[in-house]
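This is what each chain is made of:
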Amino acid sequence: MTLSAWLLPLFLLAVLCLLLAGLLRRRSGLPEGEIVYADAGGDARVLVSQRYGLRGKPDYLLEEGPGRVIPVELKSGLIPRSGRPHRSHVMQLAVYFLLVEEVLHKDVAYGLVRYKNGSLRIENTDRLREELLDVIEEMRAVLADDDAPRNHNQASRCRACSMAYACDERLA
């Protein structure tokens, strides 16, 4: 078989792979950009803010352009019926906004919460940052008082809690 006879099938295979990759990317709901950080497997570096005493590992960081990063948080459930993300998901992304800006020195305009059936975009605003800092202050006050009551009635959440061994309010 001649070289030219090999080139056409290889070229067609390459084109097919590119088309398939584009289709999978669009179906993922993720914007264009290079993945610069991934913790989907759980082995990525922990981002630590000394200033705020926060630590976190976003599922993905996509670089949208020079110095601009998009945190992506994967969730196993569906988009809430309200069409709005849960407050805890928004606060989790807000922590990642802060960590990326402080630790990686990258700009973050927005982030994504990726559910099974789509993605919700969360803008990184001054108002959201203020709300996050208020939540952090509230949490520290509760911890300082040594009085953090259970805030749910779901036995499955209690079973999965890392503090269940020390909790006198556990359900499971």
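Every value quoted in this text rests on a predicted model; they were computed, and no experiment measured them.

S.K.: Teacher, can you tell me more about helix 2 (residues 87–104) here?
M.R.: Because each turn of an α-helix spans 3.6 residues, side chains separated by three or four positions in sequence point in the same direction. Helix length check: helix 2, at 18 residues, gives a terminal C-alpha distance of 25 Å against a target of 26 Å (1.5 Å per residue), a fit within 8%. Turning to helix 2, its buried residues are H89, V90, M91, L93, A94, V95, Y96, F97, L98, L99, V100 and V103.

S.K.: Just checking my understanding: could you explain the side chain of D39 for this structure?
M.R.: Residue position: D39 is located in the loop between strand 1 (34–38) and strand 2 (47–49). Judged by its relative accessible area of 10%, D39 falls in the buried class. A distance of 3.4 Å separates the side chain of D39 from the side chain of K57, its partner in a polar contact.

S.K.: Sorry if this is basic, but what is going on with the sheet that holds strand 4 (residues 60–65) here?
M.R.: Neighbouring strands of a sheet are bound in pairs by backbone hydrogen bonds; such pairs are parallel or else antiparallel. Spatial strand order, 1-4-5-6-7: five strands in an open sheet with mixed pairing. With one partner strand each, in any of the chains shown, strand 1 and strand 7 (118–123) form the two edges of the open sheet. On average, each strand axis in the sheet is tilted by 25° relative to the strand beside it, whichever way the strands run. In this structure, strand 5 (residues 68–74) lies alongside strand 6 (residues 110–115), joined through three bridges in parallel fashion. Each bridged residue has a counterpart across the sheet, and for L74 the counterpart in strand 6 is R114.

S.K.: It is not clear to me how helix 3 (residues 126–144) should be interpreted in this structure. Could you clarify?
M.R.: With 19 residues, helix 3 extends 27 Å between its outermost C-alpha atoms, agreeing within 8% with the 27 Å of an ideal straight helix rising 1.5 Å per residue. Listing the buried residues of helix 3 in full gives L128, L132, V135 and I136. Projected down its long axis, helix 3 shows its buried positions confined to an angular sector of 100°, all on one face. Relative to its buried face, helix 3 has exposed residues pointing more than 90 degrees away, namely D126, R127, E130, E137, E138 and A144. On its buried face, helix 3 is in contact with strand 3 (54–56), helix 2 and strand 7.

S.K.: I keep staring at a negative patch on the surface and nothing clicks. Help me out?
M.R.: A cluster of like negative charges, contributed by D126, E130, D134, E137 and E138, occupies part of the molecular surface. Note on placement: E130 falls in helix 3. In this structure E130 comes out as exposed when scored by relative accessible area, which is 52%.

S.K.: It is not clear to me how the environment of Y96 should be interpreted in this structure. Could you clarify?
M.R.: Tracing the chain through its elements places Y96 in helix 2. Given a relative accessible area of 6%, Y96 falls into the buried group. Through-space distance from the C-alpha of Y96 to that of G111 is 8.7 Å; in sequence the pair is 15 residues apart. Once residues within four sequence positions are removed from consideration, Y96 is found in contact with G56, K57, P58, P71 and E73.

S.K.: Just to check I follow, could you spell out the pattern of salt bridges for this structure?
M.R.: Charged atoms that come close allow side chains of opposite charge to pair. Using the criterion set out here, one finds seven salt bridges in the structure. A salt bridge links K75 to E73; the shortest N-O distance between them is 3.7 Å. Relative accessible area serves as the criterion here: at 6%, E73 is assigned to the buried category. Between R121 and E123 there is a salt bridge, with its nearest N and O atoms 2.6 Å apart. Given a relative accessible area of 47%, R121 falls into the partly exposed group.

Definitions and cut-offs
Residues numbered from 1 in each chain as written. Predicted model: local features only at pLDDT ≥ 70, side-chain atom pairs only at ≥ 80, totals over all residues. Heavy atoms only, no water. Helix = DSSP H or I, 4+ residues; strand = E, 2+ residues; numbered from the N terminus. Expected span 1.5 Å × (residues − 1). Buried < 20%, exposed > 50% of the residue type's maximum accessible area, 1.4 Å probe, protein only. Polar contact = N/O pair within 3.5 Å; in protein donor to acceptor, adjacent residues only side chain to side chain. Pairing = 2+ DSSP bridges. Axes fitted to C-alpha atoms, helices over the stretch in contact; angles between N-to-C directions. Arc of directions from axis to C-beta. Contact = heavy atoms within 4.5 Å. Patch = residues over 30% accessible without salt bridge, like charges linked within 9 Å, V, L, I, M, F, W, Y side chains within 5 Å. Areas by Shrake-Rupley, 256 points an atom, 1.4 Å probe, with all protein chains shown as cover. Salt bridge = Lys/Arg side-chain N within 4 Å of Asp/Glu carboxyl O. Lys, Arg positive; Asp, Glu negative; His and termini not counted. Charge placed at Lys NZ, Arg CZ, Asp CG, Glu CD.

Interpretation note: all reported values are geometric properties and have no functional meaning in isolation.
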